[in-house]
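For reference, the chains in residue letters:
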Amino acid sequence: MKNKILVCVGTSGLSAGADKVAENFETELKKINRLNDYKIVKTGDKGLFADVIVEIIDSKKTTYINVKPKDVEKIVESHIVNNELYKRRLANENYTNFFKNQERIVLKNCGVIDPEQIDDYLEQGGYEAVKKTLKSSQEYILKEVTDSGLKGRGGGGFLTGIKWGFAKKIENDTKYLICNADEGDPGAFMDRSILESDPHAVLEGMIIAGYTIGASFGYIYCRAEYPLAIKRLNIAIKQAKENGFLGENILNSGFSFNLKIKAGAGAFVCGEETALIGSIEGRRGRPKPRPPFPAVKGLFEKPTIINNVETLANIRHIINNGSKWFASKGTKDSTGTKVFALAGKIKNTGLVEVPMGTTIKELIYGPGGGLKNKRKKFKAVQLGGPSGGCLPESLIDTPIDFASINKTGAIMGSGGMIIMDQDTCMIDIAKYFLNFTVAESCGKCVPCRVGLKRMLEVLEAITDGKGTQEHIEFLKEMSPTIKETSLCGLGQTAPNPILTTLKYFPEEYDEHINQKKCRAKVCEKLLEFTVIPDKCTKCGLCFKACPTDALEWKKGEVAYINKDKCIECKACYGACNFDAIK
Amino acid sequence: MTNINSKTKSLINKHGTEKSALIPLLQDVQTEYEYVPKKAIDIIAKELSIFPVEIYGVLTFYSQFKLNKPGKHTIRVCQGTACHVMGGKVLLDNISSKLGISDGETTEDGLFSIERVACLGTCGIAPVIEIDGKFYGKVQLNEVDDILNQYRGTDEK
């Protein structure tokens, strides 16, 4: 077998020069006449953001991280020519820990195969599930998916098998299957990574779903912000067609399935099923009342099933390994694994896949590696994006499953998990999400369009130091009203960030209103931008962080902020480890 | 400048005149001109037998579409949750004040426009900006000048 050099070429890898790294490997190998001994594979994201990750598989597997294009020459010389590990970029313990506590099913191929080569996918057992499906009855496949207990991974948490059953039952010549790849939650990037690293897995899930419900046409509705994902999906569709897995009469089974990609145009609300359908039909993406549910009357008035990317990527594993195998993972009510996007003030940012039922703490301190800056104190974890909530430290032993997370007032959502430390202001975060939902509200119904705007104004008053106790009462009264009277999921969940911060961090609201103080030092109207001499350790970190030379500091002296030059950007607050700027 | 009339018509031929072709069609027009020109809207309305106001409705609903020509380089500043926590808002303000323009505007010399994006999905390297498709991760405020200068260097005024 040929030796392999795997280079991670996802969006994050590309920002750090991954394509140049791959190119340099080719040049260097050519120089020493060894190009024929190695196959250079450009894989998708491996999941950990460690700039460019390179794996060399020869007699064993060696991982190098944070590889810069200029390192390649030395790696080739040391590793390949002299047979010695290049220690400077060797993967560390932290890297090993990141992968150790995970169970990768959906992410199995990520960072392992070249997403632009169907042969790589076939080598890993690709399209076996399609072959098996086409030899089985629709009823059998539906039963397998239902028995597996798989629930929608886009946030809804509805049983996939039951959903498929609705559409299967209906007699209609035309039915549609849509893959919802409109990953709009800020802070979520698992669908992007799956599409970029393993697009065939999603296609395979779609073919199986199409066969089961009796749909012969599918759409992938993908965010326009993900050009690389769209490019790789197009390549995958072309290759799947060439290999007979897509198109007319697939593998001589008599079943035909065709696919089209629709690029979204930048509207968060289009993640909602009826809005998404409207967008494909060429309209403004505005939600419609349900019923009729899309499974009965959806795209072009035909029965339509919409599944999320991660849900579809799970399907082939269920078909290959059986529903019992899948149901044995996770908890009784939430089976299988879930992919989380860890980001924020955490050491290891990236994609983590763990069995359902793992606690938040295990996730943060296991694969996550704990807080990024160990001097800072953990404050909260944000789950579920703009529809979710912030949970305090006292709740980090909560197991991650649909029911337990809902009980806290947050939601599982699509799997975005943002870690926040003492430097994050909870009211600012609530304001941030409200800003987002106000901007993304489609404007159809009053509670969402007007109510959210009023709540945002109140939050702005509080962070500007103009808050009153009545404001809190207003938020408490308005939130449930908006939840109960909005038409779609956007409005129904938009107050969650406010409700959870009010519930778990009341002291911060109190301080903003009554003491005009922001303990995280985020709300600039409440800050003085001066150094506290007694607390300053004269370390100069603030001086280095200042972009405008407003900070004056000499070695051994207390720092001073020149107000004339200061643009109140707060870079110094972030840099100071000793709470010495007020 | 290529003839908007014939270019738009050839794109309509490619996508057809079904209403569901509207968004992909507008996306292609924007890829061609970097914005959707008024002339193209009039042609599309006629060919697809819909009112221009319906097209404006779609164009203004989706944040991707632009009705004015953007600058030579578009700076997209991510405002996702991770970027926000890591200082994305401050970064946006900083770039805005440096260039003297805010979100959606173009500098007088036509070199830069700024676009705030809800999330670029690259939370691991927050805060992130993207210029003409190239991603810059973990951007520090004191790096902004260097990044912008790369796009200023060889450009004529």
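Residues numbered from 1 in each chain as written. Chains lettered and ligands numbered in written order. Predicted model: local features only at pLDDT ≥ 70, side-chain atom pairs only at ≥ 80, totals over all residues.

So, on to the interface of chain A and chain B. Taken together, the contact pairs 45 residues of chain A with 37 residues of chain B. Of all the elements in the fold, those that place two or more residues in the side of chain A that touches chain B are helix H1 (11-15), helix H12 (273-280), strand E9 (337-344), strand E13 (416-421), helix H17 (426-440) and helix H24 (571-575) of chain A. The dominant element in the side of chain A that touches chain B, judged by the number of residues it contributes, is H1(A), at 4 residues. Partitioning the side of chain A that touches chain B into residue classes produces 21 nonpolar, 17 polar and 7 charged. (Contact = placed C-beta atoms within 7 Å. Helix = DSSP H or I, 4+ residues; strand = E, 2+ residues; numbered from the N terminus. Nonpolar A, V, L, I, M, F, W, Y, C, P; charged D, E, K, R; others polar.)

So, on to the domain arrangement of chain A. When its domains are assigned, chain A resolves into domain 1 (3-100), domain 2 (125-327), domain 3 (337-421), domain 4 (426-515) and domain 5 (528-582). Put simply, the middle of domain 4 of chain A and the middle of domain 5 of chain A, counted by C-alpha atoms, are 33 Å apart. (Domains from an automatic or database assignment.)

Here the focus is the sheet that holds E9(A). Residues and elements named next belong to chain A. On the basis of which strands lie adjacent, the open sheet formed by 5 strands has the order E10-E9-E13-E11-E12 and mixed pairing. Looking along the sheet, the strands with just one partner apiece sit at the ends: strand E10 (350-355) and strand E12 (389-392). On average, each strand axis in the sheet is inclined to that of its neighbour by 30°, with strand direction left out of account. (Pairing = 2+ DSSP bridges. Axes fitted to C-alpha atoms, helices over the stretch in contact; angles between N-to-C directions.)

Residue and element names in this part refer to chain A. If you look at the biggest cluster of nonpolar residues, it comprises 222 residues, and the most contacted ones within it are Val7, Val54, Val202 and Ala341. In terms of residue count, the dominant contributor to this core is helix H10 (residues 199-213) (9 residues). If we ignore the near neighbours within four places in the chain, the residues touching valine 202 are Cys179, Ile194, Leu195, Val309, Leu312 and Ala313. (Core = buried A, V, L, I, M, F, W, Y, C linked by C-beta atoms within 7 Å. Buried ≥ 20, exposed ≤ 12 C-beta atoms within 10 Å, placed from the backbone.)

On to helix H13 (residues 309-321) of chain A. Burial within H13(A) is extensive, with 11 of its 13 residues counted as buried. Backbone geometry just downstream of H13(A) places Gly322(A) in the positive-phi region, at approximately 95°.

Turning to helix H4 (residues 52-61) of chain B, its buried residues are Ile55(B), Val58(B), Leu59(B) and Phe61(B). The secondary structure elements touched by the buried residues of H4(B) are helix H2 (22-33) and helix H3 (38-47) of chain B.

A few words now on the sheet that holds strand E5 (residues 176-181) of chain A. Residue and element names in this part refer to chain A. As summarised here, the arrangement of the 4 strands in space is E7-E6-E5-E8, forming an open sheet in which the pairing is parallel. The sheet terminates laterally at strand E7 (258-263) and strand E8 (304-308), the two strands that pair on one side only. Recorded for the sheet is a direction-independent mean angle of 20° between the axes of neighbouring strands. Sheet topology note: the E5/E8 ladder contains 5 bridges and is parallel. Across the sheet, residue cysteine 179 finds its bridge partner in E8, namely asparagine 307.

Bringing the packing of helix H6 (residues 128-135) of chain A against H13(A) into the picture now. All names here are of chain A. It is the contact of H6 with H13, at a shortest axis distance of 9 Å, that shows an interaxial angle of 60°. Relative to H13, H6 is oriented so that their crossing is left-handed. When H6 is examined against H13, the residues Glu128, Ala129, Lys132 and Thr133 are found in contact with a partner set consisting of Arg316, Ile319 and Asn320. (Left-handed = near helix turned anticlockwise from the far one by under 90°.)

What follows deals with the domain arrangement of chain B. Parsing chain B into structural domains produces domain 1 (4-61) and domain 2 (73-152). The centre of domain 1 of chain B, based on its C-alpha atoms, is set 29 Å off from the matching centre of domain 2 of chain B.

Bringing the packing of helix H7 (residues 138-148) of chain A against helix H8 (residues 160-169) of chain A into the picture now. Residues and elements named next belong to chain A. In the contact formed by H7 and H8, the axes pass within 7 Å of each other and the chain directions differ by 150°. Put simply, H7 runs roughly antiparallel to H8. As for how H7 packs across H8, the hand of that crossing is left-handed. Contacts between H7 and H8 pair Gln138, Leu142, Val145 and Thr146 from the former with Thr160, Gly161, Ile162, Trp164, Gly165 and Lys168 from the latter. When grouped by side-chain class, the residues that make up the contact of H7 with H8 number 4 nonpolar, 5 polar and 1 charged. (Parallel < 35°, antiparallel > 145°, perpendicular 65-115°, else oblique.)

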